[in-house]
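Architecture and fold: a report
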Amino acid sequence: GGSVCPHASARVKKIDLGPAERMPGVRARVPWGLALPRLPGAAFHAFTSGTAWLRVGGGVPLQLMPGDVVLLPAGAHHRLSSEPDGDCVPFEQLVA
């Protein structure tokens, strides 16, 4: 079932789906970090392997594990990284 991290924003929910099916996605070597832009729609992240730390705005980092799925509301500025306080590169720099 889903659970809400008591230290995260009330709008961030971590959902445990159990074992996840492998799907194409981003693969990175430690250390890594992405600062993701605000989107007009919701943001969705699913983790099939490895771990990551999610930071929304100035909130407390939330550790994500394989099988976790995160759905963020429209306009949520967020960062994903290999460390709770890791440096993040703006996503736009990687796709430019």
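Residues numbered from 1 in each chain as written. Predicted model: local features only at pLDDT ≥ 70, side-chain atom pairs only at ≥ 80, totals over all residues. Heavy atoms only, no water.

Each helix and strand counted, the protein has one helix and nine strands in total. Written out in order from the N terminus, the α and β elements of the protein read β-β-β-β-β-β-β-β-β-α. In the protein, which comprises 96 residues, the proportion classed as buried is 28%. In the protein, of all internal contacts separated by at least 6 residues, the share reaching a separation of at least 24 is 66%. (Helix = DSSP H or I, 4+ residues; strand = E, 2+ residues; numbered from the N terminus. Buried < 20%, exposed > 50% of the residue type's maximum accessible area, 1.4 Å probe, protein only. Contact = heavy atoms within 4.5 Å.)

Our next topic: the pairing of strand β8 (residues 78-81). Of the strand pairs in this sheet, strand β3 (residues 33-36) and β8 are connected by four bridges, and their pairing is antiparallel. Residue pairing across strands places Leu34 opposite Leu80, the latter belonging to β8. Two elements, strand β5 (residues 52-56) and β8, share four bridges in a ladder whose sense is antiparallel. Counterpart to Leu54 in the pairing with β8 is Leu80. (Pairing = 2+ DSSP bridges.)

A cluster of nonpolar side chains, namely Val89, Phe91, Leu94 and Val95, defines an oily patch on the protein surface of about 340 Å² accessible area. Residue contributions to the nonpolar patch peak at three residues, all from helix α1 (residues 91-95). For Phe91, the position within the fold is in helix α1. (Patch = residues over 30% accessible without salt bridge, like charges linked within 9 Å, V, L, I, M, F, W, Y side chains within 5 Å. Areas by Shrake-Rupley, 256 points an atom, 1.4 Å probe, with all protein chains shown as cover. Salt bridge = Lys/Arg side-chain N within 4 Å of Asp/Glu carboxyl O.)

Quick look at the pairing of strand β4 (residues 43-46) now. Residue alternation in β4 divides its side chains into a buried set, Ala43 and His45, and an unburied set, Phe44 and Ala46. Bridge count between β4 and strand β7 (residues 68-72): four bridges; the pairing is antiparallel. Opposite His45, over in β7, you have Val70 as the bridge partner.

With that settled, the discussion passes to the sheet that holds β3. Ordered in space as β6-β5-β8-β3-β9, the five strands form an open sheet in which the pairing is mixed. Each of the sheet's edge strands pairs with one partner strand only, and the pair in question is β6 (62-64) and β9 (89-90).

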